[in-house]
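Secondary and tertiary structure notes
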Amino acid sequence: QEQLVESGGGLVQAGGSLRLSCATSGSIFSINAMGWYRQAPGKQRESVAVITSGGSTNYVDSVQGRFTISRDNAKNTVYLQMNRLKPEDTAVYYCAAGRLTFGVRIGVEYWGQGTQVTVSS
């Protein structure tokens, strides 16, 4: 019912960095794990990173060591810091929230509308 609002996408050169933000309400943020999914044209959506309400994190292997997910409880906001970006990171990135986690995945109950990340070679 309540929207998640992503921002921070853009176009960067390979090796560059971006920080994505996802703002939501306190009622959603306080009881849910938060995460980031991405989907490239013609490809399946995949989970990239997740952070639980207790602060535990998990990442898909392809971004491990390059991306960092964090949350600011005072601002009801989750972030994805993306470093050393590669062209294969190009996708629409979606914020997601849900009560249950399964490794890097979330049992998604809320979706954002997405923000485009494009990495040029």
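Look above for the structure.
Concerning the state of the cysteines
- Counted according to the given criterion, the structure contains 1 disulfide.
- In this model Cys22 forms its disulfide with Cys95; the gap between the sulfur atoms is 2.0 Å. A torsion of -85° about the S-S bond marks the disulfide between Cys22 and Cys95 as left-handed. With Cys22 in strand E3 (residues 18-23) and Cys95 in strand E9 (residues 91-98), this pair connects stretches of sequence that are 73 residues apart.

Notes on the side chain of Arg71
- Locating Arg71 in the fold gives a position in strand E7 (residues 67-72).
- Only 3.1 Å separates the side chain of Arg71 from the backbone oxygen of Thr52, close enough to count as a polar contact.
- A polar contact is formed between the side chain of Arg71 and the side chain of Asn73, at a distance of 3.5 Å.
- Each residue touching Arg71, except ones within four places of it in the same chain, is listed here: Phe29, Asn32, Ala33, Met34, Ile51, Thr52, Ser53, Thr77 and Val78.

A look at the side chain of Thr77
- Mapped onto the elements of the fold, Thr77 is located in strand E8 (residues 77-82).
- Residue Thr77 is classed as buried on the basis of its relative accessible area, which comes to 7%.
- Among residues more than four places away in sequence, those in contact with Thr77 are Ser21, Cys22, Ala23, Phe29, Ser70, Arg71 and Asp72.

Comments concerning the environment of Glu46
- Looking at the secondary structure, you find Glu46 in strand E5 (residues 46-51).
- Along the primary structure Glu46 and Trp36 are separated by 10 residues, whereas in three dimensions their C-alpha atoms are 8.8 Å apart.
- Apart from residues lying up to four places away in sequence, Glu46 is in contact with Tyr37, Arg38 and Val60.

Concerning the pattern of salt bridges
- One pass over the structure, following the stated rule, counts 4 salt bridges.
- Note that Glu46 is salt-bridged to Arg38, the shortest N-O span being 2.7 Å.
- Among the ionic pairs, Asp89 bridges to Arg66, the shortest N-O distance being 2.8 Å. Here Asp89 is found in the loop between E8 and E9, whereas its partner Arg66 is found in the loop between strand E6 (57-59) and E7, with 23 residues between them in sequence.
- Here Asp89 falls in the buried class, since its relative accessible area comes to 1%.
- We classify Arg66 as buried; its relative accessible area is 6%.
- Connected through salt bridges with shared partners, the residues Arg38, Glu46, Arg66 and Asp89 form a single ionic network.

Some thoughts on the nonpolar core
- Membership of the largest hydrophobic core comes to 28 residues, with the highest contact counts inside it found for Trp36, Leu80, Met82 and Tyr93.
- Among the elements of the structure, E3, helix H1 (26-29), strand E4 (33-39), E5, E7, E8, E9 and strand E13 (115-120) are those that each provide at least two residues to this core.
- The element best represented in this core is E9, accounting for 4 residues.
- Filtering out sequence-adjacent residues up to four positions away, Tyr93 remains in contact with Glu6, Leu20, Trp36, Tyr37, Arg38, Val48, Phe67, Leu80, Met82, Gly114, Thr115 and Val117.
- Grouped together as the second largest cluster of nonpolar side chains are 5 residues, Ala33, Tyr37, Val50 and Ile106 included.

Cut-off values and rules
Residues numbered from 1 in each chain as written. Predicted model: local features only at pLDDT ≥ 70, side-chain atom pairs only at ≥ 80, totals over all residues. Heavy atoms only, no water. Disulfide = S-S within 2.5 Å. Helix = DSSP H or I, 4+ residues; strand = E, 2+ residues; numbered from the N terminus. Polar contact = N/O pair within 3.5 Å; in protein donor to acceptor, adjacent residues only side chain to side chain. Contact = heavy atoms within 4.5 Å. Buried < 20%, exposed > 50% of the residue type's maximum accessible area, 1.4 Å probe, protein only. Salt bridge = Lys/Arg side-chain N within 4 Å of Asp/Glu carboxyl O. Core = buried A, V, L, I, M, F, W, Y, C linked by side-chain atoms within 4.5 Å.

It is worth stressing that arrangement in space is one thing and function is another; only the former is reported here.
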